[in-house]
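Now for the letters of each chain:
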Amino acid sequence: MRDTHYVFDFDRTLFDDDMLIASLMKEFIAQGATEEGLLHAYAKIAVQNELWSPWRWAEYTFGHVSDAIRSRIDFLHKQTSNMVYGDVRPFLEGIGRSTKSVLSYGDPQTQNEKIAHSGIAHYFSDITITQDPQKTSDFLRYSGARRVVFVDDRGPIIDAVKSMHPHITCICIMRPGSAYNHEPSMRADKVISSLADLNEAR
């Protein structure tokens, strides 16, 4: 049986999704969008309970996705290695041969693009993209390791996982300025602001 299995969320845990969104906003504004229009389109996706993607955001903003917009989205996705948080690679190197997985939520095409170009995919033995809470639960339940460490930036997700799997070490990472810092965890084993904090706790 393996000793420790680290399971990481991707956005705002390993990857600065807020930086990508800000970069997309600049590109869309350069193509004629307004900040107000972009924020309205972003909110509309959430209200309709749709999975966010840059292509859907562009479609709701402009009414269609032009070749120029599609090209800029592709360009930014290829820059995602620059949007991985600075503490990520040293931490992944530091935990050596421990099993490492990504369990990511969101639009599959968007997440696959970001992860593929992030420059860190090779660290992980498994990359799972899902919107199904049961699949998340099953993934964690059948890890096969003596100790499972789950790291996520969303307090409610951490609390749900801890409620279903009390034996799992649940770490809530609240990076400075991150979009979901207003969602604190009530049940996390530890709240951190950097993976360096988790390194110290191992």
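Note that the structure is predicted; figures quoted are calculated from it, not measured.

### Description of the nonpolar core
Point 1. Within the largest apolar cluster, 42 residues are counted, with the highest numbers of intra-cluster contacts made by F8, L14, F28, W57 and L195.
Point 2. At 5 residues, helix 1 (residues 17-30) tops the list of elements feeding residues into this core.
Point 3. Dropping the residues within four chain positions of it, L14 is found in contact with F8, D9, V84, Y85, V88, V102, I120, F124 and L195.
Point 4. F150, I168, C172 and M174 belong to the second largest nonpolar core, which has 12 residues in total.

### Examining the pattern of salt bridges
Point 1. Under the criterion given, the structure shown has 10 salt bridges.
Point 2. Salt-bridge contacts for E50 lead to R56; the nearest nitrogen and oxygen are separated by 2.0 Å.
Point 3. Of the residues examined, E50 reaches a relative accessible area of 23% and is grouped as partly exposed.
Point 4. What makes R56 partly exposed here is its relative accessible area of 29%.
Point 5. In this structure, E59 and R56 form a salt bridge, with 3.6 Å as the shortest nitrogen-oxygen distance. With E59 and R56 both in helix 3 (residues 54-62) and 3 residues apart, the pair spans about one turn of that helix.

### Thoughts on the state of the cysteines
Point 1. This structure, assessed with the given rule, holds 0 disulfides.
Point 2. Lacking any disulfide linkage, C170 is separated from the closest cysteine sulfur, that of C172, by 9.8 Å.
Point 3. For C170, a relative accessible area of 0% translates into the label buried.
Point 4. Taking relative accessible area as the criterion, C172 reaches 0% and is therefore assigned buried.

Reading the values: rules and limits
Residues numbered from 1 in each chain as written. Predicted model: local features only at pLDDT ≥ 70, side-chain atom pairs only at ≥ 80, totals over all residues. Heavy atoms only, no water. Core = buried A, V, L, I, M, F, W, Y, C linked by side-chain atoms within 4.5 Å. Buried < 20%, exposed > 50% of the residue type's maximum accessible area, 1.4 Å probe, protein only. Helix = DSSP H or I, 4+ residues; strand = E, 2+ residues; numbered from the N terminus. Contact = heavy atoms within 4.5 Å. Salt bridge = Lys/Arg side-chain N within 4 Å of Asp/Glu carboxyl O. Disulfide = S-S within 2.5 Å.

This is a description of form; function is not addressed.
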